[in-house]
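Examination of the molecular architecture
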Amino acid sequence: FRSEKEALTLEQQEKLLKFVEQSNVYKPHLPMMQVMFGACLRVSETIGLTWSDVDMKNREIHVGGQLVYYEGDEGYCFHDSETKTDAGIRDIPMTQMVYDAFRKQRELNLMLGLQSNVEIGGRSGFIFNTKHGRPIMPAGVNSFLKNIVNAYNKKESKLAEEEKREPELMPPISSHTLRHTGCTRLGENNVNPKVMQYVMGHSDAQITMNVYNHIAEKSHVENEMSKMNLPETVPAVV
């Protein structure tokens, strides 16, 4: 986590997802975004997910590896890789949003013909694919997220002008922002730090605690400052 500023607020997250859902251009990206927000996955883990990793019956995602894109003997290509650490191997329970997102993605893949047609390191049946049937590259994910924010801000600026108010613009986001935002939501809901560490796949509890402490500190400050919002004039007791 490079910076605490990277997480979206709950309001920003909801506005962004609503915008994507209502957009003809960007709607196909909605399930992937919901999975990344809801399961706090790294982009390499998300693009490496296959249908055999998703247990819809028990509502669990088995994270057992990741897809990384780098230059090898055959030029630039995808490589099946183990998770960053042993802590990266984990089963993440699905929230309702994540469960619905996988169902939607399955429908989308059938409807748009986005079926995976490659095998990488013995793994096949990838969930999130380009129209060519190959997994989406990490740069591709960051690219569509950038385009979504630009489109959102353009629409919001126009609306704000019509309504004669200041626009509430969305900050630049990356795949890391989605994961960090998901983690922040867990913290805001007082999820136990050990559970957060497991879901995030952090080998070092300190990484999780840095995020957790920041959230706790922020809400504590907000609570304390809200006590200052007293009426300016105290009505006389009759």
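Located above this text is the structure these notes cover.
The sections below set out a description of the structure shown in this document. (Residues numbered from 1 in each chain as written. Predicted model: local features only at pLDDT ≥ 70, side-chain atom pairs only at ≥ 80, totals over all residues. Heavy atoms only, no water.)

Take the overall build of the protein next. Across its full length, the protein holds eight helices and seven strands. Counting over 238 residues, the protein shows a buried share of 41%. In the protein, the proportion of contacts linking residues at least 24 apart, taken out of those at least 6 apart, comes to 63%. Counting only carbon and sulfur atoms, one obtains 52% of the accessible surface of the protein, whose full area is about 14,100 Å². (Helix = DSSP H or I, 4+ residues; strand = E, 2+ residues; numbered from the N terminus. Buried < 20%, exposed > 50% of the residue type's maximum accessible area, 1.4 Å probe, protein only. Contact = heavy atoms within 4.5 Å. Areas by Shrake-Rupley, 256 points an atom, 1.4 Å probe, with all protein chains shown as cover.)

To continue, consider the pattern of salt bridges. Side-chain pairs of opposite charge can arise where the charged atoms are in close proximity. In this structure the tally under the stated criterion is ten salt bridges. A salt bridge links Glu45 to Arg42; its shortest N-O distance comes to 2.8 Å. Salt bridges sharing common partners tie together Glu11, Lys15 and Glu168. (Salt bridge = Lys/Arg side-chain N within 4 Å of Asp/Glu carboxyl O.)

A few words on the packing of aromatic side chains. All chains considered together, the criterion is met by two aromatic pairs. Judged by centre distance (5.4 Å) and plane angle (85°), the rings of Phe19 and Tyr152 are edge-to-face. Here Phe19 is found in helix H1 (residues 10-22), whereas its partner Tyr152 is found in helix H5 (residues 138-162), with 133 residues between them in sequence. Residue classification places Phe19 among the buried residues on the basis of a relative accessible area of 12%. Their ring planes at 70° and their centres at 6.4 Å tell us that Trp51 and Phe102 sit as a pair that is edge-to-face. One end of the pair, Trp51, is in the loop between helix H3 (43-47) and strand E1 (54-55); the other, Phe102, is in helix H4 (residues 96-112), and 51 residues separate them in sequence. Exposure remark for Trp51: the relative accessible area of 18% places this residue in the buried category. Taking relative accessible area as the criterion, Phe102 reaches 0% and is therefore assigned buried. Its end group placed over the ring of Tyr99, Arg59 keeps NZ or CZ at 3.6 Å from the ring centre. (Phe/Tyr/Trp six-rings, centres within 6.5 Å; stacked < 30°, edge-to-face > 60°. Lys NZ or Arg CZ within 6 Å of the ring centre and 35° of its normal.)

Right, let's get into the nonpolar core. Ranked by internal contacts, the top residues of the largest apolar core, which has 51 residues, are Met33, Ile61 and Phe102. In this structure, Met33 is in contact with Leu16, Leu17, Val20, Phe144, Leu145, Ile148 and Leu178, ignoring residues within four places of it in sequence. (Core = buried A, V, L, I, M, F, W, Y, C linked by side-chain atoms within 4.5 Å.)

Take the sheet that holds strand E2 (residues 60-63) next. Here we have three strands laid out as an open sheet, ordered E1-E2-E5, and antiparallel in their pairing. Two strands in the sheet have a free side with no partner beyond their single neighbour: E1 and strand E5 (90-93). Note that E2 and E5 share four bridges and pair antiparallel. Residue pairing for E5: Ile61 is matched across the bridge by Ile92. (Pairing = 2+ DSSP bridges.)

A separate point is helix H2 (residues 30-39). Along H2, nine of the ten residues are buried, which leaves the element largely enclosed by surrounding structure. Buried within H2 are the following residues: Leu30, Pro31, Met32, Met33, Gln34, Val35, Met36, Phe37 and Ala39. Just past H2, the residue Cys40 takes up positive phi, approximately 55°.

As a further point, take the pairing of E2. Residues of E2 alternate between two faces, with Ile61 and Val63 buried on one and Glu60 and His62 left unburied on the opposite face. The pairing of E1 with E2 spans two bridges and is classified as antiparallel. Within E2, the residue paired with Asp55 across the bridge is Glu60. Linking E1 back to E2 in an antiparallel pair, the connection comprises four residues, with Arg59 at a positive phi of about 55°.

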